[in-house]
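Observations on chain architecture
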Amino acid sequence: MQNHPPVTSRFWLNAAIVAGRLEAHHLSHGDFADSLGLSRSYWSQLIHRKRSLTPQVRRCLLTSGPLAGVPENELWERVPIGGSS
């Protein structure tokens, strides 16, 4: 069994910034999801904040062409998780 470090924060996509960059690059959300290797359904969940961003997805966003140069703090919001129960 693997030990995983405790999750201390959740990261939520800043949909307005991402949508603006996709529009500037003439991309649909579906095309962008495909370019990241994500399903359109999963991408929709990220955009609508139904799911938080995983470390792998955050890395993909940082290396994607349309989002190049956008600082992390503009791409997503980091929300600390409360203490353990």
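Overview of the structure. Within any chain, residue numbers begin from 1 and follow the written order of that chain's sequence. Given that this is a predicted model, residues contribute local features only at a pLDDT of at least 70 and side-chain atom pairs are listed and counted only at 80 or more, while totals for whole chains, interfaces and linings are drawn from all residues. The side-chain values count all of the structure's non-hydrogen atoms but skip hydrogen atoms and water molecules.

Moving on, we come to helix 4 (residues 55–63). Buried, partly exposed and exposed residues are distinguished by accessible area as a fraction of the type maximum, computed with a 1.4 Å probe on protein chains only: under 20%, between the cut-offs, and over 50%, respectively. The secondary structure listing takes helices from DSSP runs of H or I that are at least 4 residues long and strands from runs of E that are at least 2 residues long, numbered from the N terminus. Within helix 4, burial applies to Val57, Arg58 and Leu61. In an axial view of helix 4, the angular spread of the buried residues amounts to 100 degrees, which keeps them on one side of the axis. Residues of helix 4 that are exposed and point more than 90 degrees away from the buried face comprise Arg59 and Thr63. Structurally, helix 4 contributes buried residues whose contacts are with strand 1 (9–13), helix 2 (29–36), helix 3 (40–47) and strand 2 (76–80). This arc describes the spread of directions from the helix axis toward the C-beta atoms. Whether two residues are in contact is decided by their heavy atoms, any of which lying within 4.5 Å being enough.

Here a Phe, Tyr or Trp ring, Trp counted by its six-membered ring, pairs with any other such ring whose centre lies within 6.5 Å, and the pair is stacked when the planes are under 30 degrees apart, edge-to-face when over 60, and tilted otherwise. Throughout the structure, instances matching the rule amount to two aromatic pairs. Ring plane angle 75 degrees and centroid distance 5.3 Å describe the contact between Phe32 and Trp43, whose orientation is recorded as edge-to-face. In this pair, Phe32 sits in helix 2 while Trp43 sits in helix 3, placing the two residues eleven residues apart along the sequence. Exposure remark for Phe32: the relative accessible area of 0% places this residue in the buried category. The lysine or arginine in question, Arg58, covers the ring of Trp76, its NZ or CZ lying 6.0 Å from the ring centre. Whether a charge sits over a ring depends on NZ of Lys or CZ of Arg being within 6 Å of the ring centre and within 35 degrees of the ring normal.

Membership of the largest hydrophobic core comes to 19 residues, with the highest contact counts inside it found for Leu13, Trp43, Leu46, Leu53 and Leu61. Where this core is concerned, the elements lending two or more residues are strand 1, helix 1 (15–24), helix 2, helix 3 and helix 4. The element contributing the most residues to this core is helix 3, with four residues. Among all residues touching Leu61, those that are not within four sequence positions of it are Leu13, Phe32, Leu36, Trp43, Leu53, Leu67 and Trp76. By convention a nonpolar core is built from buried Ala, Val, Leu, Ile, Met, Phe, Trp, Tyr and Cys residues, the set being connected through side-chain atoms within 4.5 Å.

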